[in-house]
Amino acid sequence: MLKSSIGAAIAGVCIAAAAPAMASGGEAAASPSKPDTYRPLILDRSALPAQPAAHPLILSRPASPDVFGTVALNAGVTFYDARFRRVAAADARDPLVQRLAAGAVNLDPLGKLRLVQDEINQRVRWMSDLDNMGVADFWANAGETLRRGTGDAEDIAIAKMQVLKAAGFDPKDLYISIGRHSTRGAHILLLAHTASGWFALDDHDGVQTPAQNSRFTPVMTIGQGMSWVHGRRIGTRMASASARPKAN
């Protein structure tokens, strides 16, 4: 399942790169056919002083996930954005999510991560989407995964993300990272950003720093309102992180 996901991630980046050109073509087609039919709207800016917006449209952006020895580059719109938005918007008031979050509400950020990591790794047993739901690839909501007690890597990462958000963790500091594990193959985990640095929440181990989780290489990471592709710096050039790492 995840092998096809990695390929789709790269395809999504290609689609993102093509999007500006497609948009440009659409704008040209929508332009008026006669120049004199267009009358720009002129505002008198001296009439009223500019006022700051009460509700800014641009939220504070998540930090760039330059982790696991990689450099993260903005990927624009990707294949996974709609999936991430759907699961990230679900289950905020799910009773089971709220119950698991209740024990972590008063903990510091690292305490929240450790408690949620242990709770969900104990509650949810890894199972492929094909065996679990009869489909090759599906991102389940947190409540669905917690009630079934089974899910694959992204289902487990999503459940942790939603419980942490319910426990008060800032949504912009939680990311789903898609990549490759040196012994397990295609893999997904949850990344969390704190004042103490970055932490990886895998579906097997405890909470680790990216340096401790050295077997994982990210290819694409999705956060609140943004997506990134990962590469490695070689001299003055960038190499794709999707290239197979050398054997240890």
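This one's a predicted model, so the numbers in the text were calculated from it and none came from an experiment.

A. Expanded view of the overall build of the chain. Looking only at helices and strands, the chain features 7 helices and 9 strands. A total of 248 residues make up the chain; the buried ones form 44% of that total. Residue pairs at least 24 apart in sequence account for 67% of intrachain contacts in the chain once pairs closer than 6 positions are excluded.

B. Just unusual backbone geometry, in detail. The backbone of Phe68 shows a phi angle near 60°, a positive value even though the residue is not glycine. Here Phe68 is to be found in the loop between α1 (2–30) and β1 (71–74). Among the residues examined, Phe68 registers a relative accessible area of 9% and is labelled buried. Even without being a glycine, Asp91 presents a positive backbone phi close to 70°.

C. Structural view of the pattern of salt bridges. Counted under the stated rule, the structure contains 6 salt bridges. For Arg147, the salt bridge identified is with Asp94, shortest N-O distance 2.9 Å. Pair noted here: Arg147 is in helix α6 (residues 142–148) and Asp94 is in the loop between α2 (81–88) and α3 (95–102), with a separation of 53 residues, a long-range link. Put simply, Glu119 and Arg123 hold a salt bridge, and the shortest N to O gap is 3.4 Å. Highlighted residues: Glu119 and Arg123, both in helix α4 (residues 109–123), separated by 4 residues, approximately one helical turn. Salt bridges sharing common partners tie together Arg184, Asp202 and Asp203.

D. Expanded view of the side chain of Asn213. Mapped onto the elements, Asn213 comes out in the loop between β6 (197–201) and β7 (216–223). Filtering out sequence-adjacent residues up to four positions away, Asn213 remains in contact with Phe68, Leu189, Ala200, Asp202 and Gln208.

E. Up close: the environment of Pro95. Along the chain, Pro95 falls in helix α3. Judged by relative accessible area, which is 55%, Pro95 ranks as exposed. The spatial distance from the C-alpha of Pro95 to the C-alpha of Gly143 is 8.4 Å, given a sequence separation of 48 residues.

F. Highlighting the environment of Ser128. Structurally, Ser128 is set in the loop between β2 (125–126) and α5 (129–133). Given the relative accessible area of 17%, Ser128 is considered buried. In the structure, Ser128 is positioned 24 residues away from Asp152 in sequence and 5.2 Å away in space, judged by C-alpha atoms.

G. Structural view of the packing of aromatic side chains. Taken as a whole and judged by the stated rule, the model has 5 aromatic pairs. Ring centres of Tyr80 and Trp139 lie 5.5 Å apart, and the angle between their planes is 20°; this geometry places the pair in the stacked category. With a gap of 59 residues between them, Tyr80 in the loop between β1 and α2 and Trp139 in the loop between α5 and α6 connect regions that are remote in the sequence. Taken together, a centroid distance of 5.7 Å and an interplanar angle of 50° make the contact between Tyr175 and Trp228 tilted.

H. Structural detail: the packing of α3 against helix α7 (residues 153–166). The interhelical angle for the contact between α3 and α7, taken along N-to-C directions, is 65°, at an axis separation of 8 Å. What the angle tells us is that α3 and α7 run roughly perpendicular. Handedness of the crossing formed by α3 with α7: right-handed. Contacts from Val97, Gln98, Leu100 and Ala101 of α3 reach α7 at Gln162, Val163 and Ala166. Of the residues assigned to the contact of α3 with α7, the class counts are 5 nonpolar, 2 polar and no charged.

I. Expanded view of the confidence of the model for the chain. Looking at the chain, pLDDT values average 80 and 71% of them are 70 or higher. Here residues 10–58 is modelled with pLDDT under 50, and outside its nearest four sequence neighbours on either side it reaches 12 contacts, counting other chains as well. This model gives residues 244–248 a pLDDT under 50, and the stretch forms 4 contacts once residues within four places in sequence are excluded.

J. Fine view of the nonpolar core. Judged by nonpolar contacts, the single largest core of 37 residues is most densely connected at Ile120, Trp139, Leu146, Val163, Leu164, Ile176 and Leu190. Tallying contributions element by element places α7 first for this core, with 8 residues. Discounting chain neighbours no more than four positions away, the residues touching Trp139 are Tyr80, Arg83, Phe84, Arg86, Val87, Glu154, Asp155, Ile158, Ile176, Ile178, Ile188 and Ile222. Membership of the second largest hydrophobic core comes to 11 residues, among which are Val67, Ala72, Ala200 and Phe216.

Calculation criteria
Starting from 1, residues in each chain are numbered consecutively following that chain's sequence as written. In keeping with the model being predicted, local features are shown solely for residues with a pLDDT of at least 70 and side-chain atom pairs are shown and tallied solely at 80 or more, while totals for entire chains, interfaces and linings include all residues. The side-chain values count all of the structure's non-hydrogen atoms but skip hydrogen atoms and water molecules. Numbering of helices and strands runs from the N terminus; a helix is a DSSP stretch of H or I covering at least four residues, while a strand is a stretch of E covering at least two. The cut-offs for exposure are 20% and 50% of the maximum accessible area for each residue type, with area from a 1.4 Å probe on protein chains only; residues under the lower value are buried, those over the upper are exposed, and the others partly exposed. Two residues form a contact once any of their heavy atoms are found within 4.5 Å. Put simply, a salt bridge is a Lys or Arg side-chain nitrogen that is within 4 Å of an Asp or Glu carboxyl oxygen. We call Phe, Tyr and Trp rings a pair once their centres come within 6.5 Å, taking the six-membered ring for Trp, and we label the pair stacked below 30 degrees between planes, edge-to-face above 60, and tilted otherwise. Only the stretch in contact is used when a helix axis is fitted, and all axes are lines through C-alpha atoms; the angle between N-to-C directions ranges over 0 to 180 degrees. Each angle is binned into one of four classes, with values under 35 degrees roughly parallel, values over 145 roughly antiparallel, values of 65 to 115 roughly perpendicular, and all other values oblique. In this scheme, a crossing is called left-handed if the near helix is turned counterclockwise away from the far one by less than a right angle; it is called right-handed if the turn is clockwise. Lys, Arg, Asp and Glu make up the charged group, whereas Ala, Val, Leu, Ile, Met, Phe, Trp, Tyr, Cys and Pro make up the nonpolar group; the residues left over, Gly among them, are polar. The predictor's confidence in any single residue is recorded as pLDDT, a number from 0 to 100. Within this scheme, the nonpolar core is defined by two criteria: the residues are buried Ala, Val, Leu, Ile, Met, Phe, Trp, Tyr or Cys, and they are joined through side-chain atoms within 4.5 Å.

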